[in-house]
Amino acid sequence: MAGWNRISEKALRFGLLLSKDIKVVHVHSEDEAHGIDEDWNEKILAPIRENGFADPELVTIPSSYRFVIAPLMDYVLRLESENPGRKVAVLLPELVVRHWWENLLHNQRVQLLKILLLVRGNQRIVVVNIPWYL
């Protein structure tokens, strides 16, 4: 989760329906003013608790130079190896545009992460797309 917005809210809502053991992963780079932790209690945990869901765990991964893919891959693969009897579902919110050429205007990190998870991960990693239509 890069920040708190409607796309990440949709993904978190879906995740809360799937499992009680949710980990919200934020890769924090050195040049960011603040991470998601400033919004965490007020905007995220408070509504979750009001609706009776279990608290998700916030995992902040420090990264330099805005590298996102490698730290996320390392974390998911480590999580998979630490939990041998469980499946790991990775929810990836992504923008869906009307025209193919509009994809060039948007960041393609989600597509790259999805491909790497499917290629490098074992069969216990499940990738779930959460579409957000523009």
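Note that residues are indexed from 1 along each chain, following the sequence as it is written. With pLDDT at 70 or above as the cut-off, local features in this predicted model cover only qualifying residues; side-chain atom pairs require 80 or more to be listed or tallied, and sums for whole chains, interfaces and linings still use all residues. The basis for every side-chain value is the complete set of heavy atoms in the structure, and neither hydrogens nor water enter the calculation.

Draft legend 1. Expanded view of the nonpolar core. By nonpolar core is meant a set of buried Ala, Val, Leu, Ile, Met, Phe, Trp, Tyr and Cys residues that side-chain atoms within 4.5 Å join together. Categorising residues by exposure relies on relative accessible area from a 1.4 Å probe, with only protein chains included: less than 20% of the type maximum marks a residue as buried, more than 50% marks it as exposed, and the intermediate range marks it as partly exposed. Formed by 18 residues in total, the largest nonpolar core has its most connected members in V90, L113 and L117. Helix and strand definitions follow DSSP, with helices as H or I runs of at least four residues and strands as E runs of at least two, each counted in order from the N terminus. The element that contributes the greatest number of residues to this core is helix 3 (residues 69–82), accounting for seven residues. Formed by nine residues, the second largest nonpolar core is a distinct cluster that contains L12, L16, W40 and L45.

Draft legend 2. Broad picture of a nonpolar patch on the surface. Judged by side-chain polarity, F14, L17, L18 and F53 come together as a nonpolar surface patch covering roughly 390 Å² of accessible area. Relative to the elements of secondary structure, F53 occurs in the loop between helix 2 (37–50) and strand 2 (57–63). For F53, a relative accessible area of 36% puts it in the partly exposed group. Each patch is built from salt-bridge-free residues with over 30% relative accessible area, joining like charges within 9 Å and nonpolar side chains (Val, Leu, Ile, Met, Phe, Trp, Tyr) within 5 Å. Note that accessible areas follow from Shrake-Rupley with a 1.4 Å probe, and for residues the cover is restricted to the protein chains shown. Salt bridges are defined as contacts in which a side-chain nitrogen from Lys or Arg sits within 4 Å of a carboxyl oxygen from Asp or Glu.

Draft legend 3. Fine view of the layout of surface pockets. Cavity: a set of points on a 1 Å grid over the protein atoms alone where a 1.4 Å probe fits but cannot get out. Pocket: an open set with protein on both sides within 12 Å along at least five of seven lines, its lining residues, like those of a cavity, having an atom within 4 Å of a point. Grid points are joined across faces, edges and corners, and a volume is the space filled by probe spheres set on the points. What the largest pocket holds in volume is close to 1,600 Å³. Surrounding the largest pocket, 49 residues form its lining, M1, V25, L91, L92 and P93 being those nearest its centre. Elements supplying a minimum of two residues to the lining of the largest pocket: helix 1 (6–18), strand 1 (23–29), helix 3, strand 3 (88–96) and helix 4 (109–120). Counting residues per element, the lining of the largest pocket draws most heavily on strand 3, at eight residues. A class-by-class count of the residues in the lining of the largest pocket yields 26 nonpolar, 15 polar and eight charged. For this scheme, ten residues count as nonpolar: Ala, Val, Leu, Ile, Met, Phe, Trp, Tyr, Cys and Pro. Four count as charged, namely Asp, Glu, Lys and Arg, and the remainder, Gly too, count as polar.

Draft legend 4. Layout of the confidence of the model for the chain. Across the chain, the average pLDDT comes to 88, with 96% of residues at or above 70. A residue's pLDDT is the predictor's confidence in that residue, given on a scale from 0 to 100. When pLDDT is averaged over each helix and strand of the chain, the minimum, 88, is found for strand 1 and the maximum, 93, for helix 3.

Draft legend 5. Representation of the pattern of salt bridges within the structure. Scanning the model with the defined rule gives eight salt bridges in all. Put simply, E9 and R13 hold a salt bridge, and the shortest N to O gap is 2.8 Å. Linking E9 with R13, this pair stays in helix 1, spanning four residues, or about one helical turn. Judged by its relative accessible area of 26%, E9 falls in the partly exposed class. With a shortest N-O distance of 3.6 Å, K23 and D21 are connected by a salt bridge. Given the relative accessible area of 40%, D21 is considered partly exposed. Overlapping salt bridges, with partners in common, bring together D21, K23, E57 and R86 in one network.

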